[in-house]
Structures are given as C-alpha cells and as structure tokens.
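Tertiary structure, described
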Amino acid sequence: MNLIDFHVTKIISEEKDVVYKLLNITKEQVDNETEELWKNFLLGNGVKQTYEYWDDGGTRIDTEIFNLDKNQKPYYVGYVGQH
C-alpha cells in the first residue's frame, strides 16, 4: 500500500465535547460497552473537525474526531499527513 501526502488547507468547523457525543452515541450505549479500552476512549474529551485538504486526487472535505485525552492532536492549516 502506497501512502500519499495530504495538506490541510482550511478548518471549516471545530466542535469540542465528549467523544461519544461527537460520534452520536448515547451514554446508555457507552455504559453497556464491555470493551474497557473502547469505553475509556468514548468517555474522553474530544474535538470533531471538518477540514479541507488537497492531495494528488485534488481538493476534498473530510471530518475527523480526535481524543485529546489520548494525546491525539487536531489538524491545523498547513498540517501535512499521509493517508
């Protein structure tokens, strides 16, 4: 699998909340979750970003959720990553 670089050109929106709310999961569903690692992830502080990026295929818009408690860093304009 070949990775290609992508470049974030614009942050369209950014929302902060608990990760499970950003994923549209109810608290009841989280409470019923049996996998502890996943449950802890869902209960973490998060950021949901909608961003514009470009890569070899052109310009696109995507959404990503980051768990700040797991040291995941939100994107910023000028960020370069691979996918």
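The structure presented is a predicted model; accordingly, all values stated were derived computationally and were not measured.

Comments concerning the nonpolar core
Counting six residues, the largest nonpolar core consists of F6, V8, Y51, Y53, F66 and Y75. Sorting the residues of this core by element identifies β1 (5-18) and β2 (45-55) as the ones contributing at least two each. In this view, Y53 contacts F6, H7, V8, T9, G58, T59, R60, D62 and H83; residues no more than four positions away in its chain are not counted. V19, Y20, F41 and L42 belong to the second-largest nonpolar core, a separate cluster that totals five residues.

Focus on the packing of aromatic side chains
Taken as a whole and judged by the stated rule, the model has nine aromatic pairs. Geometrically, the ring pair formed by F6 and Y53 is edge-to-face, given 5.6 Å between the ring centres and 75° between the ring planes. Residue F6 is located in strand β1, and its partner Y53 is located in strand β2; the two are separated by 47 residues in the primary sequence. Each member of the pair, F6 as well as Y53, is classed as buried. Joined through ring pairs, the aromatic side chains of F6, Y51, Y53, F66, Y75, Y76 and Y79 make up one cluster.

Considering the side chain of Q49
Inspection of the secondary structure assignment puts Q49 in strand β2. Only 2.7 Å separates the side chain of Q49 from the side chain of E14, close enough to count as a polar contact.

A word on the environment of Y53
Exposure remark for Y53: the relative accessible area of 7% places this residue in the buried category. When the C-alpha positions of Y53 and W38 are compared, they lie 28 Å apart, and in sequence the two are 15 residues distant.

Points about the pattern of salt bridges
Counted under the stated rule, the structure contains two salt bridges. D31 is the partner of K27 in a salt bridge, and the nearest nitrogen-oxygen pair spans 2.9 Å. Remark: D31 and K27 occur in helix α2 (residues 27-31); sequence separation between them is four residues, near one turn of the helix. For K27, a relative accessible area of 40% corresponds to the partly exposed category. Take D31: its relative accessible area is 41%, and that puts it in the partly exposed class. With a closest N to O distance of 3.4 Å, D55 and R60 form a salt bridge.

Let's talk about unusual backbone geometry
Phi angles above zero are rare outside glycine, and N24 is one such case at about 60°. Looking at the secondary structure, you find N24 in the loop between α1 (19-22) and α2. Residue classification places N24 among the exposed residues on the basis of a relative accessible area of 68%. Even without being a glycine, N71 presents a positive backbone phi close to 60°. Structurally, N71 is set in the loop between β3 (58-67) and β4 (80-82).

Calculation notes
Residues numbered from 1 in each chain as written. Predicted model: local features only at pLDDT ≥ 70, side-chain atom pairs only at ≥ 80, totals over all residues. Heavy atoms only, no water. Core = buried A, V, L, I, M, F, W, Y, C linked by side-chain atoms within 4.5 Å. Buried < 20%, exposed > 50% of the residue type's maximum accessible area, 1.4 Å probe, protein only. Helix = DSSP H or I, 4+ residues; strand = E, 2+ residues; numbered from the N terminus. Contact = heavy atoms within 4.5 Å. Phe/Tyr/Trp six-rings, centres within 6.5 Å; stacked < 30°, edge-to-face > 60°. Polar contact = N/O pair within 3.5 Å; in protein donor to acceptor, adjacent residues only side chain to side chain. Salt bridge = Lys/Arg side-chain N within 4 Å of Asp/Glu carboxyl O.

None of the figures reported here should be taken as evidence of function without further support.
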